[in-house]
Amino acid sequence: MANQDRLTRIEKVLDYIHENLDESIHVSSLAEKSCWSRWQFQRVFGQATGLSVAQYIRELRLSKAAELLLSSKNRHVDIAIQCGFDSEISFSRAFKQMFNCTPRDYRQRGKRHGLRTPLQYRCPNKAQTETPKTFTQIRIESRDGFHIQGRRAWIRGLFSASPNFSERVPQLWSQVISEVKTVTKGYRPIGIIDTQDHTQHPDQMLYWAGYLEPINTSSPTIFSGANPFNTTPLDTVRVPLQEYAVIPVYGKSSAVEKALEWFIYQWLPESNYYGVQGYELEVYEPDYDPSSSKSYMEYWLPIKPR
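The present account deals with the structure reproduced in this document. (Residues numbered from 1 in each chain as written. Predicted model: local features only at pLDDT ≥ 70, side-chain atom pairs only at ≥ 80, totals over all residues. Heavy atoms only, no water.)

With respect to the pattern of salt bridges
Link 1 in the chain: All chains considered together, the criterion is met by nine salt bridges.
Link 2 in the chain: A salt bridge links Glu298 to Arg139; the nearest nitrogen and oxygen atoms lie 3.2 Å apart. One end of the pair, Glu298, is in strand S12 (residues 296-305); the other, Arg139, is in strand S4 (residues 139-143), and 159 residues separate them in sequence.
Link 3 in the chain: By relative accessible area, which is 9% here, Glu298 ends up buried. (Salt bridge = Lys/Arg side-chain N within 4 Å of Asp/Glu carboxyl O. Helix = DSSP H or I, 4+ residues; strand = E, 2+ residues; numbered from the N terminus. Buried < 20%, exposed > 50% of the residue type's maximum accessible area, 1.4 Å probe, protein only.)

The structure is reproduced here in structure tokens:
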């Protein structure tokens, strides 16, 4: 009961933040609303969200500003004031720190990148002994087209009448890992799922397993075209430019299923986006361990604005 009360207090504070982003928000007033001291409030907020209060507010304001840059013709100074900044100079400085480009450059590129969405509460998975964060924040990203070479297999996914992905995907990755000669440091394992309709396989999706180079080019490929496998031929998949909702997933590989269920049934219907068919991505850390409760990966789902 005490834990639920703690979460309810944080949810009330989050609601207040979301409704007053264009106003001055002070940590001391938020602490007062939560009935904790300022120090206690900041500690509890950080444990539940993984973010500081100031960081969270700043990122939401800047994300709102980035969206306005793409969806409106408002002047930069008007957007700055609308999003709670006291001057265009302070707005531009903070914007560049978060997005690594100026508001003008962001508008000219015309792509959503690095947008943060409001935190939402997620019921912890009872089967998981370690739940790093109680609240989850979805990121919105546009990713340029790219391709990988690897191995592929047909799978039946989460919403199939007879899902088999939990067996087929690990089998495919075991094959890939056994065939790879060497993996250069920094290369990230990536799974790509083609969710488009396939007439010859009506109840299945095509899954590719391969590796991405460190993201330092606009079109990452696997090992610069070199063949990392002992055998040929390789399977190649090309993923087009797409906008994604990025779901953080902490813990064992089984946590992916719960994260997707939460996203599809709770987050997406209440968001400003539609889910679309296309290529879904599983982007893993280079040292990802599917059996470790401390692992981290990201699930990228194709979306489009409503």
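And the narrative resumes.
Notes on helix H2 (residues 27-34)
Link 1 in the chain: Those residues of H2 lying buried are Val27, Leu30, Ala31 and Ser34. Viewed end-on, H2 has its buried residues packed into an arc of 100°, placing them on one side of the element.
Link 2 in the chain: One or two residues past the end of H2 sits Cys35, with phi positive at roughly 70°. (Arc of directions from axis to C-beta.)

Concerning the side chain of Thr136
Link 1 in the chain: Looking at where Thr136 falls in the secondary structure, it is placed in strand S3 (residues 135-136).
Link 2 in the chain: The exposure class of Thr136 is buried, given its relative accessible area of 7%.

Topic: the packing of aromatic side chains
Link 1 in the chain: What the rule picks out here adds up to 15 aromatic pairs.
Link 2 in the chain: Residues Phe41 and Phe45 carry aromatic rings whose centres are separated by 5.8 Å and whose planes lie at 55° to one another, so their mutual orientation is tilted. Residue Phe41 and its partner Phe45 are both found in helix H3 (residues 38-49); the two are separated by four residues, about one turn of the helix. Comparing Phe41 with Phe45 shows no difference in burial state: the two are buried. (Phe/Tyr/Trp six-rings, centres within 6.5 Å; stacked < 30°, edge-to-face > 60°.)

Description of the packing of H2 against H3
Link 1 in the chain: Following both chains from N to C, one finds H2 and H3 inclined at 85°, their axes separated by 9 Å at the closest point. As judged from the angle between their axes, H2 and H3 are roughly perpendicular. Residues Val27, Ser28, Leu30, Ala31 and Ser34 of H2 touch H3, and the partners they reach there are Arg38, Phe41 and Gln42.
Link 2 in the chain: Considered class by class, the residues forming the contact of H2 with H3 number four nonpolar, three polar and one charged. (Axes fitted to C-alpha atoms, helices over the stretch in contact; angles between N-to-C directions. Parallel < 35°, antiparallel > 145°, perpendicular 65-115°, else oblique. Contact = heavy atoms within 4.5 Å. Nonpolar A, V, L, I, M, F, W, Y, C, P; charged D, E, K, R; others polar.)

Digging into the pairing of S4
Link 1 in the chain: For S4, the buried fraction is high: five of the five residues fall into the buried class.
Link 2 in the chain: Side-chain alternation along S4 places Arg139, Glu141 and Arg143 on one buried face and Ile140 and Ser142 on a second face that is also buried.
Link 3 in the chain: As paired elements, strand S1 (residues 115-116) and S4 share two bridges and run antiparallel to each other. Within the sheet, the bridge partner assigned to Arg116 lies in S4 and is Arg139.
Link 4 in the chain: For S4 and strand S9 (residues 242-250), the ladder comprises five bridges, and the chain directions are antiparallel. Residue pairing across strands places Glu141 opposite Tyr244, the latter belonging to S9. (Pairing = 2+ DSSP bridges.)

Examining the nonpolar core
Link 1 in the chain: Within the largest apolar cluster, 49 residues are counted, with the highest numbers of intra-cluster contacts made by Phe95, Phe99, Tyr207, Ile247 and Phe263.
Link 2 in the chain: The biggest single contributor to this core is helix H9 (residues 255-270), with eight residues.
Link 3 in the chain: Aside from chain neighbours lying at most four places away, what touches Phe99 is Leu62, Ser63, Ala66, Tyr106, His113, Gly114 and Leu115.
Link 4 in the chain: Residues Ile25, Leu30, Val44 and Val53 belong to the second largest nonpolar core, which totals 22 residues. (Core = buried A, V, L, I, M, F, W, Y, C linked by side-chain atoms within 4.5 Å.)

Limitation: the analysis is restricted to geometry and does not speak to function.
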